[in-house]
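The primary structure of each chain is shown beneath.
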Amino acid sequence: MLEAQPLQSEVVIKTIIFDLGNVIVPFDFKLGYARIAALCDCPAAEIPVRIRGTGLVQPFETGEISAEQFVREVSEVLGLKATYSEFCELWTSVFLPRTLVSESLLAGLRERHRLLLLSNTNPIHYSMIRSNYPLLDHFHDYVLSYEVGSAKPEPKIYQEALARAACRPEECFFIDDMPINVEAGREHGMDAVVFESAAQLENELLARGVSLNNAGLLKEN
């Protein structure tokens, strides 16, 4: 685990930047693999190996290839006979219904801080998430890998997030579940920590003088 950075009391947090997957919305790819395996001849354990072998995930998440191309080529590799909409339903079945942070927390933070979403994602996943998780409406802006053409931990996506943060890097607090992404955020001057739990996030925010507007994370989770 990365060591916590010493807090500087004179710095006021103005923008809070959240990762999406396994910080706000939990996911489990095994759920999707099991459903796909039931519709093709590929065992569930082999599905991620075949998908990685295509080399399509990174280009898909950075907008280099279309959703239609991704669906067509992955389906061919897996021997999956499904329509585009059926594939999308399978591909998005990895997300769990209960969020890791509460809507009341985001609503309270929004009153005093700029909220940004910074996510490595793709149009299929993101379309489903925006339709099914209304708490994301509390964010002021969304920095998405497939729109920016860059994915964490690459510099370009952090530079885009800082441009939209409308404040100095040290006035940004960034939370992500991947240590490599947190370290990259720190290299860009952000105050950044690895997400472990809702309670830990609440404590990190309080330690930085961020008001939770009496809407604790644990009250809804």
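Residues numbered from 1 in each chain as written. Predicted model: local features only at pLDDT ≥ 70, side-chain atom pairs only at ≥ 80, totals over all residues. Heavy atoms only, no water.

Ile16, Phe18, Ile24, Leu109, Leu117, Phe139 and Leu205 are the most contacted members of the largest nonpolar core, which has 32 residues in total. Those elements giving two or more residues to this core turn out to be β1 (15–18), α6 (103–110), β2 (114–119), α7 (123–132), β3 (141–144), β4 (172–176) and α11 (198–207). It is α6 that provides the largest number of residues to this core, a total of three residues. Not counting residues within four places of it along the chain, the set of residues in contact with Phe18 comprises Val23, Ile24, Leu106, Leu109, Leu115, Leu116, Leu117, Leu118, Phe139, Ile175 and Leu201. Counting residues in each nonpolar core, the second largest holds 21 residues, with Ala37, Cys42, Val74 and Cys88 among its members. (Core = buried A, V, L, I, M, F, W, Y, C linked by side-chain atoms within 4.5 Å. Buried < 20%, exposed > 50% of the residue type's maximum accessible area, 1.4 Å probe, protein only. Helix = DSSP H or I, 4+ residues; strand = E, 2+ residues; numbered from the N terminus. Contact = heavy atoms within 4.5 Å.)

For the rest of this paragraph, the subject is the layout of surface pockets. Looking at the largest pocket, its volume works out to about 690 Å³. What lines the largest pocket is a set of 30 residues, among which Phe27, Phe29, Val57, Glu61 and Asn120 lie closest to the centre. Going through the elements one at a time, α1 (29–37), α2 (47–54), α3 (57–61) and α7 are the ones with two or more residues in the lining of the largest pocket. Element by element, the count of residues in the lining of the largest pocket is highest for α3, at four residues. Taken together, the residues of the lining of the largest pocket sort by class into 15 nonpolar, nine polar and six charged. (1 Å grid on protein atoms, 1.4 Å probe; cavity = no way out; pocket = protein on both sides within 12 Å on 5 of 7 lines; lining within 4 Å. Points joined across faces, edges and corners; volume = space filled by probe spheres on them. Nonpolar A, V, L, I, M, F, W, Y, C, P; charged D, E, K, R; others polar.)

In this fold, Gln200 is placed in helix α11. What makes Gln200 buried here is its relative accessible area of 13%. Ignoring any residue separated from it by four or fewer positions in sequence, one finds Gln200 in contact with Val193, Val194 and Phe195.

In the predicted model, the protein carries a mean pLDDT of 92, and the fraction of residues at 70 or more is 92%. Scored below 50 in pLDDT, residues 3–8 makes nine contacts in the model with residues more than four places away or belonging to other chains. Per-residue pLDDT stays below 50 along residues 215–221; that stretch engages in 24 contacts with residues further than four places along the chain or on separate chains. (pLDDT = per-residue confidence, 0-100.)

Let's shift gears to the packing of helix α4 (residues 67–78) against helix α5 (residues 84–91). The N-to-C vectors of α4 and α5 enclose an angle of 85°; their axes lie 11 Å apart at closest approach. Our classification of the angle between α4 and α5 gives roughly perpendicular. The segment α4 lies against α5, with Ala67, Glu68, Phe70, Val71, Val74 and Ser75 engaging Tyr84, Phe87 and Trp91. Of the residues contributing to the contact of α4 with α5, the split by class is seven nonpolar, one polar and one charged. (Axes fitted to C-alpha atoms, helices over the stretch in contact; angles between N-to-C directions. Parallel < 35°, antiparallel > 145°, perpendicular 65-115°, else oblique.)

Tallied over the full model, the rule gives 11 aromatic pairs. On the numbers, 6.3 Å between centres and 75° between planes, the contact of Phe27 with Phe95 is edge-to-face. With a gap of 68 residues between them, Phe27 in the loop between β1 and α1 and Phe95 in the loop between α5 and α6 connect regions that are remote in the sequence. Taking relative accessible area as the criterion, Phe95 reaches 11% and is therefore assigned buried. Between Phe60 and Phe70, the ring centres sit 4.2 Å apart and the planes meet at 15°, which makes this aromatic pair stacked. With a gap of 10 residues between them, Phe60 in helix α3 and Phe70 in helix α4 connect regions that are remote in the sequence. Assigned by exposure class, Phe60 and Phe70 land together as buried. (Phe/Tyr/Trp six-rings, centres within 6.5 Å; stacked < 30°, edge-to-face > 60°.)

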